[in-house]
Amino acid sequence: MSMRSINPANGETVQEYDTWDNVYLHQVLEACHEARPAWAAKPIDERCDLMRKAASVLRQRKQALAKSITVEMGKLYKDALAEIEKCAGVCEYYADMGPKFLADEMIESDAGRSLVAYQPMGTVLAVMPWNYPFWQVFRFAAPALVAGNLGLLKHASNVPACALAIEDVFREAGFPDNVFRTLMIPASMVATVIEDPRVHAVTLTGSEPAGISVASTAGKSLKKSVLELGGSDAFIVLEDADLELTVSQAVASRYLNSGQSCIAAKRFIVVDEVADTFVESFRQAVSKLVPGDPMDENTTFAPMARHDLRDELHQQVIDTITAGATAVIGCVPEDHPGAFYQASILDHVKPGMRAYGEELFGPVAIVIRARDEADALAIANGSRYGLGGSVWTRDSERGERLARQLECGCAFVNGMVKSDPRLPFGGVKASGYGRELSSHGIREFVNAKTVWVR
Ligand code: NAP
């Protein structure tokens, strides 16, 4: 079997990579198993020093790494550069904060001395998606490795060059052999890795079906799992919103990364009073996006990552229009050998239509009209997903009241939903469980161990 890098901007195959067989996979798992005790026993400050070096390597190699992202999954080169910088930032954040987050916690009890000690869980498998091919991995790897765990990466099959480049970053930074390994395996071999006694936990960022499969295997093997799954984030526009700010952020939040972000705004829930004005301003702003070569700095709108994903998205759009929604702009694939889809808006999306209940993982905004604030909140919380959500109003107290009522993991007021190393990130309902980033993220893969001394 093999994996292929295909440039989505022109459909050309860049390189082909052989996948591993079972025998080689087991050799690597054994080598990691042997590397584990020494890594876990290393003082945390030494692990943090290595993580700071990983940040430097990322910055030194920024241009080449960003180019590998753009070539494999089509992201605008300037956004790929920003992604690498964000990865360097998360390495430094955990190098600085890790020792504080994992310091012993003294607890008063009936003991002479009692405390909680945070100890590494072991070897953690990360099954990762292609949409932020570096960031998704580093936000897992930085805390996991600082905590003394080993990291195994099974990356998405369409980004093999990025997967191998990430392993190189840790090697070049001086991490000991086999502390972080990229596994060149297909999804069908993931269960074997989870079940292996030398592997202790798994984290997956990806679709719901992949999450169900990984969590079931982890459950059967009694292993810890964290799931970061899909979302259909609500973007609630109230009648007192600052429309200029709201529209500019609506465009950024829906069309960044060609709409392929789990926390992209996907459902624009707009109260009737301002709906027509909002939709017209939104249409005008979207019409200014410039599709083209993602390496070109004048391009503002990227292709999608794969042709099959573009075709699936278009089918969701066609089905929704057939069921009665209105195409405001776009809603057709570009006539181009690359995986381009026009920046699109669907209005009057109603319950029962595909786009109302499903995640649209691409550059298509849906507008759902609401009677008032209460109706908007009910629509937002009617989703089976619960990743992020945002509220747009000039009254920040009103916004916070609504944000607190949103059933999701990250609620923003007058700001687009984004990840930040200092704040926990994750979802509820069908968007998954567990948290990444902040102190919460580093504590997912540690044993909070009670030590009691008379
Ligand atoms: P995907 O198809 O689920 O792929 C994600 C990863 O899971 C890939 O490495 C894939 O490997 C692997 N995989 C797929 N099926 C599997 C299975 N049955 N068992 C084990 N591993 C399996 O998702 P995607 O299309 O790449 O990403 C889009 C989805 O991810 C969207 O729903 C999006 O919202 C979600 N997402 C969530 C977050 C978050 O933080 N919550 C972030 C980004 C994306 P192969 O490539 O080899 O199939």
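Residues numbered from 1 in each chain as written. Predicted model: local features only at pLDDT ≥ 70, side-chain atom pairs only at ≥ 80, totals over all residues. Heavy atoms only, no water.

J.: Is there a simple way to explain the site of the ligand in this structure?
T.: What surrounds the ligand is a group of 29 residues, the closest being Trp 130, Ser 157, Ser 207, Leu 229 and Glu 359. One nitrogen or oxygen atom from the main chain of Ala 156 is found 3.4 Å from an oxygen atom belonging to the ligand. In isolation the ligand offers 890 Å² of accessible surface; the protein chains occlude 84% of this area. Among the secondary structure elements, those contributing two or more residues to the shell around the ligand are α5 (135-146), β8 (201-205) and α8 (208-220). With three residues, α8 is the single largest residue contributor to the shell around the ligand. Among the residues making up the shell around the ligand, the classes are represented as 15 nonpolar, ten polar and four charged. (Near = heavy atom within 4 Å. Polar contact = N/O pair within 3.5 Å; in protein donor to acceptor, adjacent residues only side chain to side chain. Areas by Shrake-Rupley, 256 points an atom, 1.4 Å probe, with all protein chains shown as cover. Helix = DSSP H or I, 4+ residues; strand = E, 2+ residues; numbered from the N terminus. Nonpolar A, V, L, I, M, F, W, Y, C, P; charged D, E, K, R; others polar.)

J.: How should I be thinking about the packing of helix α2 (residues 44-60) against helix α4 (residues 77-101) in this particular structure?
T.: Their axes nearest at 8 Å, the elements α2 and α4 cross at an angle of 165°. As judged from the angle between their axes, α2 and α4 are roughly antiparallel. As for how α2 packs across α4, the hand of that crossing is left-handed. Contact residues: Ile 44, Asp 45, Cys 48, Met 51, Arg 52, Ala 54, Ala 55, Leu 58 and Arg 59 in α2; Ile 84, Glu 85, Cys 87, Ala 88, Gly 89, Cys 91, Glu 92, Tyr 94, Ala 95, Asp 96, Gly 98 and Pro 99 in α4. When grouped by side-chain class, the residues that make up the contact of α2 with α4 number 13 nonpolar, two polar and six charged. (Axes fitted to C-alpha atoms, helices over the stretch in contact; angles between N-to-C directions. Parallel < 35°, antiparallel > 145°, perpendicular 65-115°, else oblique. Left-handed = near helix turned anticlockwise from the far one by under 90°. Contact = heavy atoms within 4.5 Å.)

J.: Honestly, the domain arrangement of the protein chain in this entry has me stumped. Any pointers?
T.: Interface size is commonly expressed as the accessible surface area that is lost when the partners come together. Per the domain assignment, the segments making up the protein chain are domain 1 (2-229 + 431-453) and domain 2 (233-421). Taking the mean C-alpha position of each, domain 1 and domain 2 sit 30 Å from one another. Taken together, the contact between domain 1 and domain 2 spans 29 residues of the former and 32 residues of the latter. Looking at the side of domain 1 facing domain 2, the largest losses of area belong to Leu 76, Trp 130 and Ser 431, adding up to 22% of the total buried there. Connecting domain 1 to domain 2 are one salt bridge. Sorting the residues of the side of domain 1 that touches domain 2 by element identifies α3 (62-73), α4 and α5 as the ones contributing at least two each. Element by element, the count of residues in the side of domain 1 that touches domain 2 is highest for α4, at six residues. A per-class count over the side of domain 1 that touches domain 2 returns twelve nonpolar, eight polar and nine charged. (Domains from an automatic or database assignment. Buried area = accessible area lost by both parts, 1.4 Å probe. Salt bridge = Lys/Arg side-chain N within 4 Å of Asp/Glu carboxyl O.)

J.: Explanation requested: the pattern of salt bridges in the structure shown.
T.: When their charged atoms lie close together, side chains carrying opposite charge are able to pair. Scanning the entire structure with this criterion turns up 33 salt bridges. In this structure, Arg 52 and Asp 49 form a salt bridge, with 3.1 Å as the shortest nitrogen-oxygen distance. In this pair, Arg 52 and Asp 49 both sit in helix α2, three residues apart, roughly one turn of the helix. In this structure Arg 52 comes out as partly exposed when scored by relative accessible area, which is 33%. By relative accessible area, which is 40% here, Asp 49 ends up partly exposed. The partner of Arg 198 in a salt bridge is Asp 196, with the nearest N and O atoms 2.8 Å apart. Assigned by exposure class, Arg 198 and Asp 196 land together as buried. Linked through salt bridges whose partners overlap, the residues forming this network are Glu 239, Asp 240, Glu 373, Arg 398 and Arg 401. (Buried < 20%, exposed > 50% of the residue type's maximum accessible area, 1.4 Å probe, protein only.)

J.: So what exactly am I meant to see when it comes to α8 here?
T.: Relative to the 18 Å expected for 13 residues at 1.5 Å per residue, α8 spans 18 Å between its end C-alpha atoms, a close match to the ideal helical length. Listed as buried for α8 are Glu 208, Gly 211, Val 214, Ala 215, Thr 217 and Ala 218. The inward-facing, buried residues of α8 abut α7 (190-195), β8, β9 (224-228), β15 (385-386) and β19 (432-433). Two residues or fewer after α8 comes Leu 222, characterised by a positive phi angle close to 55°. (Expected span 1.5 Å × (residues − 1).)

J.: How should I be thinking about the state of the cysteines in this particular structure?
T.: Working definition: the covalent bond between the sulfur atoms of two cysteines is a disulfide. Scanning the entire structure with this criterion turns up zero disulfides. Cys 48 carries a free sulfur, and the closest cysteine sulfur to it, the one in Cys 91, is 11 Å from it. Considering cysteine sulfurs only, Cys 408 is the nearest to Cys 410, which forms no disulfide, with 6.6 Å between them. The buried category is assigned to Cys 410, whose relative accessible area is 7%. (Disulfide = S-S within 2.5 Å.)

J.: Would you explain unusual backbone geometry in this entry?
T.: Excluding glycine, residues mostly carry a negative phi; peptide bonds, for their part, are mostly trans. Residue Ser 258 is not a glycine yet carries a positive backbone phi of 50°. Tracing the chain through its elements places Ser 258 in the loop between α9 (243-255) and β11 (265-271). Overall, Ser 258 belongs to the buried group, its relative accessible area being 1%.

J.: Help me out: how do you make sense of the environment of Arg 306 in this one?
T.: One can find Arg 306 in the loop between α10 (272-286) and α11 (307-322). Spatially, the C-alpha atoms of Arg 306 and Val 237 are 32 Å apart, while their sequence positions differ by 69 residues. A polar contact is formed between the side chain of Arg 306 and the side chain of Asp 308, at a distance of 2.9 Å.

J.: Any chance you could explain the sheet that holds strand β3 (residues 105-107) here in plain terms?
T.: Across a sheet, strands are paired by hydrogen bonds formed along the backbone, either parallel or antiparallel in direction. If you trace the three strands from one edge of the open sheet to the other, you get β3-β4-β20, paired in antiparallel fashion. Looking at the sheet topology across the chains shown, the edges are occupied by β3 and β20 (446-453). If you compare each strand with its neighbour and ignore which way they point, the axes differ by 25° on average. Sheet analysis places strand β4 (residues 113-120) next to β20, joined by eight bridges and oriented antiparallel. Pairing of Ala 117 across the sheet is with Lys 449, part of β20. (Pairing = 2+ DSSP bridges.)

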